[in-house]
Amino acid sequence: MKTNRKIFLITVSLALLVFTFDSCKKDIIEQPSPLGPSSIAIILDLNANPNVIVAGRLDRQTVEITATLARYDRTPISDRTVLFEIVNVSGRRVDLGYLEGELSMQTVATDAGGTARTHYYGPLKKEMGVNNTDLYIRATVAWEGSYFIQDTTQLYVIRDSD
């Protein structure tokens, strides 16, 4: 019995020793493998400033929408078309306010810094129902083949109480 216990303890000790020498040795970050799931490794970051607006009687509040497209190492990607859309919580296009040019959809190319900008013009009070509402701006970038990259940012529209 004692010899079996000693053999078991020695085996476990050797296994732990092998794992400690083999792990945690890499100190550089490697480029993702083209065969792995992270081969796209593209980041689309979408922001709205401000993200809360008020639907007034006579004026439309403006929101700056910024989409930034970059590789996994934050290298910007230029000359890509970004499609901006105004959608509801379920992802369907809505006609509440508009993007530049009074459009519900707009395309903008990314600049040298990987950034595409547009403006959203909020609704007037008479265009809204009786409640405040959540809207979303969705940005989509077509990629290789049938792949696309998408991000969404939320806008909260408060109905003026006057």
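Attention here is on the structure that accompanies the text. None of the values given here were measured: they were computed from a predicted structure.

What follows deals with the overall build of the protein chain. When helices and strands are tallied, the protein chain shows one helix and nine strands. The order of helices and strands in the protein chain, counted from the N terminus, is α-β-β-β-β-β-β-β-β-β. The proportion of buried residues among the 162 residues of the protein chain is 31%. Sequence-distant contacts in the protein chain: of pairs separated by 6 or more residues, those separated by 24 or more amount to 64%. Split by element, the accessible area of the protein chain, about 11000 Å² in all, is 54% carbon and sulfur.

Strands sit in the order β2-β9-β8-β4-β6 across an open sheet of five strands; the sheet is mixed. The outermost strands of the open sheet, each flanked by one partner alone, are β2 (52-55) and β6 (105-109). Across the sheet, the mean angle separating the axes of adjacent strands is 30° when strand polarity is ignored. As paired strands, strand β4 (residues 81-87) and β6 are joined by five bridges and run antiparallel to one another. If you follow Val82 over to β6, its bridge partner there is Val108.

So, about a nonpolar patch on the surface. Together, Phe8, Leu9 and Val12 line one region of the surface with nonpolar side chains, adding up to about 300 Å² of accessible area. Here Val12 is to be found in helix α1 (residues 2-22).

A few words now on the pairing of β4. β4 sits mainly inside the fold: five of its seven residues count as buried. Direction of pairing for β4 relative to strand β8 (residues 133-142): antiparallel, over a ladder of six bridges. Opposite Val87, over in β8, you have Tyr136 as the bridge partner.

Criteria and thresholds
Residues numbered from 1 in each chain as written. Predicted model: local features only at pLDDT ≥ 70, side-chain atom pairs only at ≥ 80, totals over all residues. Heavy atoms only, no water. Helix = DSSP H or I, 4+ residues; strand = E, 2+ residues; numbered from the N terminus. Buried < 20%, exposed > 50% of the residue type's maximum accessible area, 1.4 Å probe, protein only. Contact = heavy atoms within 4.5 Å. Areas by Shrake-Rupley, 256 points an atom, 1.4 Å probe, with all protein chains shown as cover. Pairing = 2+ DSSP bridges. Axes fitted to C-alpha atoms, helices over the stretch in contact; angles between N-to-C directions. Patch = residues over 30% accessible without salt bridge, like charges linked within 9 Å, V, L, I, M, F, W, Y side chains within 5 Å. Salt bridge = Lys/Arg side-chain N within 4 Å of Asp/Glu carboxyl O.

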